[in-house]
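Each chain is listed here by its residues.
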Amino acid sequence: MSILLANAAFYYKEEPHQTRAWNWLEAQLTPDQLEEFGRLYRDRPEAPSGYTYVTKRQLAEIWQCSPTLIGDSEIVELNKCLETFQITTPSRIRHFLSQTAHESGGGRWKKELSDGWYLEGRTDIGNYRYGDGPKYKGAGYIQLTGRHNYQKLADYIGDPRVMEGVDYVAETYPYTSAGYWWWSNGMNELCDKNPTVRQVTRRVNGGYNGLTDREHYYAICRRVI
């Protein structure tokens, strides 16, 4: 009976029989093969250059708040996110900032307002331990959700503290977590096709919830960016 390795990794729960299987597979590979696997697994866009794509004043205009309410560290994290995930053209930046502005209520919410218990037992997103629902509820400006997705982000950026859960991600990586989702789901490629806000919303939301508000933020972004 065959198995897709991606599925095996997704459903890995540190159970003894699973660990034995992974150890057996690793033993079949040569050092060169393991090295190449590691290189491909950790492959990512080039490191940030430190360029400022969005200023504090611009973000404040988009969020419709005073610049004094936005910390310097938030702007640094935003621009690092934009560079890392190649959200660097006007179309990509406008759609990204308008969608995250809506999802976060203009930067007011860095994490899901629900307590997260409705996610308990959702093994399809990796929540197999007691308390995973609230621990890995939506975090960041596009609400990273589920143990599996938190682990993917932790592996990608090389920060195991991501697995501490929602509070750490919400405060440390509100834009980075959103940018990782954006990049992983081909949003840059969509933005390069001059899409409507409706088309982008469909991909982000799965529907058209809050479309009018998203269009409102996009109009601001077109003026500001």
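Here, every reference points to the structure presented above.
All of the points below concern the structure found in this document. As the structure is a prediction and not an experimental result, all values here were calculated from the model.

**Describing the overall build of the protein**
Each helix and strand counted, the protein has 13 helices and 0 strands in total. Order of helices (α) and strands (β) in the protein, N terminus to C terminus: α-α-α-α-α-α-α-α-α-α-α-α-α. For 225 residues, the compact-globule formula gives about 17 Å, and the C-alpha radius of gyration of the protein, at 19 Å, lands near that figure. A principal-axis box enclosing the C-alpha atoms of the protein has dimensions of 55 × 40 × 30 Å. The contacts in the protein between residues at least 6 apart in sequence include a share of 58% that link residues at least 24 apart. Each charge sign in the protein was given a centre, from 27 positive and 28 negative side chains, and these centres are 5 Å apart.

**A short note on the pattern of salt bridges**
This structure, assessed with the given rule, holds 10 salt bridges. Its salt-bridge partner being Glu 61, residue Arg 57 comes within 2.3 Å of it at the nearest N-O pair. Taken together, the positions of Arg 57 and Glu 61, both in helix H4 (residues 56–63) and 4 residues apart, correspond to about one turn of that helix. Overall, the relative accessible area of 30% leaves Glu 61 in the partly exposed class. Salt-bridge contacts for Arg 92 lead to Asp 192; the nearest nitrogen and oxygen are separated by 2.6 Å. Residue Arg 92 is found in helix H6 (residues 90–103), and its partner Asp 192 is found in the loop between helix H11 (187–191) and helix H12 (197–205); the two are separated by 100 residues along the sequence. For Arg 92, a relative accessible area of 14% translates into the label buried. The exposure class assigned to Asp 192 is partly exposed, which follows from its relative accessible area of 45%. Through salt bridges with shared partners, a single ionic network connects Glu 74, Lys 110 and Glu 171.

**Things to note about the environment of Gly 207**
With respect to the helices and strands, Gly 207 occurs in the loop between H12 and helix H13 (211–224). The buried category is assigned to Gly 207, whose relative accessible area is 14%. With 186 residues separating them in the primary sequence, Gly 207 and Ala 21 have C-alpha atoms 40 Å apart. Dropping the residues within four chain positions of it, Gly 207 is found in contact with Thr 201 and Arg 202.

**Quick look at the packing of aromatic side chains**
All told, the structure shown has 13 aromatic pairs when counted by the stated rule. Between the aromatic rings of Phe 85 and Tyr 156, the centroid separation amounts to 5.8 Å while the plane-to-plane angle is 25°, which identifies the pairing as stacked. Residue Phe 85 is located in the loop between helix H5 (72–84) and H6, and its partner Tyr 156 is located in helix H8 (residues 147–157); the two are separated by 71 residues in the primary sequence. You can call Tyr 156 buried: its relative accessible area is 8%. Both rings, one in Tyr 136 and one in Tyr 150, keep their centres 4.8 Å apart while their planes meet at 65°; by these two values the pair is edge-to-face. Of this pair, Tyr 136 sits in the loop between helix H7 (132–135) and H8 while Tyr 150 is found in helix H8, placing the two residues 14 residues apart along the sequence. Per residue, the accessibility class of Tyr 136 equals that of Tyr 150, and both read buried. Directly above the aromatic system of Trp 109 lies the positively charged group of Arg 108, at a separation of 5.2 Å from the ring centroid. One cation-aromatic arrangement involves Arg 198 over Tyr 208; the distance from NZ or CZ to the ring centre is 3.8 Å.

**Some thoughts on helix H10 (residues 174–184)**
Burial analysis of H10 places 8 of its 11 residues in the buried class, the great majority of the element. What H10 keeps buried is the set Pro 174, Tyr 175, Thr 176, Ser 177, Ala 178, Gly 179, Tyr 180 and Trp 182. Once H10 finishes, Gly 186 follows within two positions and takes phi at roughly 70°, a positive value.

Conventions adopted
- Residues numbered from 1 in each chain as written.
- Predicted model: local features only at pLDDT ≥ 70, side-chain atom pairs only at ≥ 80, totals over all residues.
- Heavy atoms only, no water.
- Helix = DSSP H or I, 4+ residues; strand = E, 2+ residues; numbered from the N terminus.
- Rg over C-alpha atoms; globule rule 2.2 N^0.38 Å.
- Contact = heavy atoms within 4.5 Å.
- Lys, Arg positive; Asp, Glu negative; His and termini not counted.
- Charge placed at Lys NZ, Arg CZ, Asp CG, Glu CD.
- Salt bridge = Lys/Arg side-chain N within 4 Å of Asp/Glu carboxyl O.
- Buried < 20%, exposed > 50% of the residue type's maximum accessible area, 1.4 Å probe, protein only.
- Phe/Tyr/Trp six-rings, centres within 6.5 Å; stacked < 30°, edge-to-face > 60°.
- Lys NZ or Arg CZ within 6 Å of the ring centre and 35° of its normal.

Take it as geometry only, folks, not as evidence of what the structure does.
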